[in-house]
Every structure is written in structure tokens, then in C-alpha cells.
Amino acid sequence: MTEILITDVTRMRRPNICVAGYAGERTVRLDSPSPREDLLASSGGIRPGDVVDRFWRARPGPVPPHVEDGEWRVSSLRRIKRLGLPEFTRFLEARSLRSAREAFGDPQ
């Protein structure tokens, strides 16, 4: 099992949801199968700041920008805890880039 701190939950084309976060220092995205609204609702909802336990495995041979995509087992969904806002904010700040230039480099 892999503990994942959820940082992003985004509605895509219904009923799909994009769920991404961190497993340790690695960014991950639940890709295959695509998470669905009904699954997230049945688990009591998943939101940024939740720490979940899931079976997750990186896809072989990832190609940018999808290097964080992975396979996961739907039946493995289990919330461990929900971080408070101060703790979640500190986590994000520690990993944040300070500018667009730092993220993408100098304009060309």
C-alpha cells in the first residue's frame, strides 16, 4: 500500500475526477482506472489535505507530462487522516516554486 497526500481533486468530463498528490516526495496521479464521482462520494469524499492508503504503481515508461500517472486498485481506497489547514499549507509551501521563471526558465 502507498500513503498518498492528496493535493488536487479536479472534476473532469463527468463522471471522471482527476486526483493527484504526493507519495513521499514523488508526485502521483491516480490514472488507471480513472477515479469517478461515485467512488469518491461512496468513500465520504476525498479532498486536498486527505491522506489516503491505496495500492498505486507507476506506469512503465512514462512520457512527459504524464510522469506521475499510475495504476491503482479501486478497492484499496482508505482515508487515514485529514491534515489541518496549517499543516497542509506548510507541506505545499515547502514544495512550491517561487516564480514562473523558476518553474519554466527564462523566456526565449
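Just above sits the structure.
As the structure is a prediction and not an experimental result, all values here were calculated from the model. (Residues numbered from 1 in each chain as written. Predicted model: local features only at pLDDT ≥ 70, side-chain atom pairs only at ≥ 80, totals over all residues. Heavy atoms only, no water.)

**Observations concerning the sheet that holds strand β3 (residues 26-32)**
Move 1: Strand order in the open sheet formed by seven strands is β5-β6-β3-β2-β1-β4-β7, with mixed pairing between adjacent strands. Edge positions in the sheet fall to β5 (56-58) and β7 (78-82), since each of these pairs with one other strand and no more. Strand-to-strand, the axes of this sheet are offset by a mean angle of 40°, without reference to chain direction.
Move 2: The sheet contact formed by β5 and strand β6 (residues 69-72) spans three bridges and is antiparallel. Looking at the pairing, W56 lines up with W72 of β6.
Move 3: Its contacts with the sheet place helix α2 (residues 85-95) against β1 (2-11) and β2 (17-23), and it is angled at close to 90° to β1. (Pairing = 2+ DSSP bridges. Helix = DSSP H or I, 4+ residues; strand = E, 2+ residues; numbered from the N terminus. Axes fitted to C-alpha atoms, helices over the stretch in contact; angles between N-to-C directions. Contact = heavy atoms within 4.5 Å.)

**A closer look at the environment of D106**
Move 1: Of note, D106 is situated in the segment after α3 (100-104).
Move 2: Spatially, the C-alpha atoms of D106 and P86 are 33 Å apart, while their sequence positions differ by 20 residues.
Move 3: Engagement of the side chain of D106 in a polar contact is seen with the side chain of R101, the distance being 3.0 Å. (Polar contact = N/O pair within 3.5 Å; in protein donor to acceptor, adjacent residues only side chain to side chain.)

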